[in-house]
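Remarks on the overall topology
Listed below are the residues making up each chain.
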Amino acid sequence: MGENYIGLMSGTSIDGVDGVLVEFDGERMQVLAHAHRAFDPAQRAELLALNTPGDNELHRAALAANALARTYAQVVTELRKRVPGPVRAIAAHGQTVRHRPGQFDGIGYTLQLNAPALLAELTGIAVVADLRSRDVAAGGQGAPLVPAFHRARFGRDSEAVAVVNIGGISNLTLLPGDARPVRGFDCGPGNALMDLWCLRHRGLPYDDGGQWAAGGTVAPDLLAAALRDPYFALPPPKSTGRDDFHGAWLDGLLAERPGLHPQDVQATLCELTARVIADDLVRHLPATTVLLVCGGGALNRELMRRLQAALPGTPVQSSAERGLPPLQVEAAAFAWLGRACLHGRSGSLKEVTGAAGSRVLGALYPA
Ligand SMILES: Nc1ncnc2c1ncn2[C@@H]1O[C@H](COP(=O)(O)OP(=O)(O)O)[C@@H](O)[C@H]1O
Ligand SMILES: [Mg+2]
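Residues numbered from 1 in each chain as written. Chains lettered and ligands numbered in written order. Predicted model: local features only at pLDDT ≥ 70, side-chain atom pairs only at ≥ 80, totals over all residues. Heavy atoms only, no water.

An unreviewed UniProt entry lists the protein under the name Anhydro-N-acetylmuramic acid kinase, with Methylibium petroleiphilum given as the organism. Here is the UniProt Catalytic activity (unreviewed entry) comment for the protein, exactly as written: "1,6-anhydro-N-acetyl-beta-muramate + ATP + H2O = N-acetyl-D-muramate 6-phosphate + ADP + H(+)". Reading the Sequence similarities (unreviewed entry) entry of the UniProt record for the protein gives the comment "Belongs to the anhydro-N-acetylmuramic acid kinase family." (UniProt positions renumbered as here; feature names shortened; annotations may be inferred.)

Topic: the domain arrangement of the protein
Considered domain by domain, the protein is made up of domain 1 (3-142 + 328-365) and domain 2 (147-322). Using only C-alpha atoms to locate each centre, domain 1 and domain 2 end up separated by 23 Å. In this complex, domain 1 contributes 23 residues to the contact, which on the side of domain 2 involves 27 residues. Each partner contributes to the roughly 2,000 Å² buried at the junction of domain 1 and domain 2, and carbon and sulfur atoms together form 62% of this total. When residues of domain 1 are sorted by the area they lose upon contact with domain 2, T12, V329 and V352 head the list and together hold 27% of the total. Connecting domain 1 to domain 2 are zero salt bridges. For the pair domain 1 and domain 2, the number of links is eight residue pairs in polar contact (both at pLDDT 80 or more). Elements with a contribution of two residues or more to the side of domain 1 that touches domain 2: α1 (41-49), β5 (95-101), α12 (329-342) and α13 (350-353). (Domains from an automatic or database assignment. Contact = heavy atoms within 4.5 Å. Buried area = accessible area lost by both parts, 1.4 Å probe. Salt bridge = Lys/Arg side-chain N within 4 Å of Asp/Glu carboxyl O. Polar contact = N/O pair within 3.5 Å; in protein donor to acceptor, adjacent residues only side chain to side chain. Helix = DSSP H or I, 4+ residues; strand = E, 2+ residues; numbered from the N terminus.)

Details of the UniProt feature "binding site: ATP" (unreviewed entry) in the protein
UniProt records the feature "binding site: ATP" (unreviewed entry) for G11, T12, S13, I14, D15, G16, V17 and D18 in the present numbering. Set against the largest pocket, the annotated residues that line it come down to G11, T12, S13, D15 and D18. With respect to the secondary-structure elements, S13 resides in the loop between β1 (3-9) and β2 (16-25). Assessed through its relative accessible area of 11%, S13 is described here as buried. Among residues more than four places away in sequence, those in contact with S13 are R44, G167, G168, N191, D195 and R242. (1 Å grid on protein atoms, 1.4 Å probe; cavity = no way out; pocket = protein on both sides within 12 Å on 5 of 7 lines; lining within 4 Å. Buried < 20%, exposed > 50% of the residue type's maximum accessible area, 1.4 Å probe, protein only.)

Regarding the layout of surface pockets
As a volume, the largest pocket reaches approximately 990 Å³. Together, 48 residues line the largest pocket, and S13, D15, G167, G168 and G296 are the ones closest to its centre. Of all the elements, α12 adds the most residues to the lining of the largest pocket, at three residues. The residue inventory of the lining of the largest pocket, partitioned by class, reads 17 nonpolar, 21 polar and ten charged. Viewed by domain, the lining of the largest pocket spans two of them, domain 1 (3-142 + 328-365) and domain 2 (147-322), each represented by three or more residues. Quantified by volume, the second largest pocket comes out at close to 330 Å³. If you trace the second largest pocket, you find 19 residues lining it, with L48, N51, T52, R242 and H246 closest to the centre. Elements represented by at least two residues in the lining of the second largest pocket include exactly α1, β5 and α6 (192-202). Residues from two domains meet in the lining of the second largest pocket; each of domain 1 (3-142 + 328-365) and domain 2 (147-322) gives at least three. (Points joined across faces, edges and corners; volume = space filled by probe spheres on them. Nonpolar A, V, L, I, M, F, W, Y, C, P; charged D, E, K, R; others polar.)

Remarks on the sheet that holds β2
Within the open sheet, the six strands sit side by side as β3-β2-β1-β4-β7-β13. Their pairing is mixed. In this open sheet, the two edge strands, each paired with only one partner strand, are β3 (28-38) and β13 (363-365). This sheet shows a mean twist of 20° between the axes of neighbouring strands, independent of strand direction. The sheet contact formed by strand β7 (residues 127-129) and β13 spans three bridges and is antiparallel. (Pairing = 2+ DSSP bridges. Axes fitted to C-alpha atoms, helices over the stretch in contact; angles between N-to-C directions.)

Description of the sheet that holds strand β11 (residues 290-294)
The strand order across the open sheet built from five strands is β10-β9-β8-β11-β12, with neighbouring strands paired in mixed fashion. Two strands lie at the open edges of the sheet, namely β10 (183-189) and β12 (316-318), each paired on one side alone. Pairwise comparison of adjacent strand axes, ignoring direction, gives a mean angle of 25° for this sheet. The pairing of strand β8 (residues 161-166) with strand β9 (residues 169-175) spans six bridges and is classified as antiparallel. Its bridge partner lying in β9, I166 is registered against S170. Sitting on the sheet, helix α5 (residues 147-154) touches β8, β9, β10 and β11, and the angle it makes with β9 is about 55°.

As for the pairing of strand β6 (residues 108-113)
Relative to β6, β5 runs antiparallel, the two sharing six bridges. By the bridge assignment, R98 is partnered in β6 with L111. The hairpin turn running from β5 into β6, its antiparallel successor, is six residues long, and G102 in that turn takes a positive phi close to 75°.

Some thoughts on the environment of N191
Positionally, N191 belongs in the loop between β10 and α6. Between the C-alpha atoms of N191 and G295, which are 104 residues apart in sequence, the distance is 9.5 Å. Filtering out sequence-adjacent residues up to four positions away, N191 remains in contact with S13, I166, G167, G168, G296, G297 and L303.

Below is the structure:
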């Protein structure tokens, strides 16, 4: 008989919450249910606003965290309706509003809004939260945290597999399949810039299937300028967020290139996302036999097409082809990390995050 955990992920896209209920049996795991709940527009706007300095933000952050816990609890209710029975714990990522590891005083911080105590009260289930800060305290980036799970779920002996999660930001996991350590890092913008441009010009939260981008033409000068951002040339370990790639970043580039057609900008942003991932893969694990794509970006057909075009020798596949649909991967990873916490096992990989050591991640709020 296995142990059931719930993983809740709300990433930098700020689109909403993906939750999965996962059964673990030894090293085996199976997703028994997936539920998604979109943020309502006011909630999304406030979470987005809290990503930049603003008025009375401690108060607003506390209330936004409570609202997030209520949304999380709705997702938990939905999952438990589909799969009744005991749940050992919920692992709740929280909503990242600042990500500045290693900066300022040398340790810096990563900040996820969350109200784990309220979530434990609302659900009656133990909650594991604050999964990133321990790695930052140990001198790491606090991100990405999913590579250990990617290895457990997608790794193969004697085969070099790469996994890219394309959320608001994209992060790459390299599984060499030999004695070399697993590596992973944030590549740069995933969907976040495409989403904001699509909202601004079409009033839609994202470019469904990448259809709008597909009708545009890449602006080479804009692409080249974007690719000159120093982040892309930094060696890993590295991680990023909306702190680095935001509307003002894009507006700065566009101000120097007036008159571009919005649809061509969308095509360029799509190509940018594909190019940084492809360049990173070629640079760091050229022998990769397959690139598995997860996160909402896997549903953007134009992005997938551009990624494959940029990597002619490497098959680019949705994670669904290895049995885990793209929108379930990150949430399942956090369920896995929550379980690691309860079992006293480390969840981070020091080779990935650059921390002094791998650590047990998270804090427990008992049922
Ligand atoms: N059908 C689709 N077509 C194009 N893009 C999509 C589609 N579905 C989801 N996405 C993209 O995926 C994003 C959500 O991905 P997700 O993995 O949840 O990211 P995050 O972890 O940052 O929240 C959306 O904001 C959107 O950009
Ligand atoms: Mg999301």
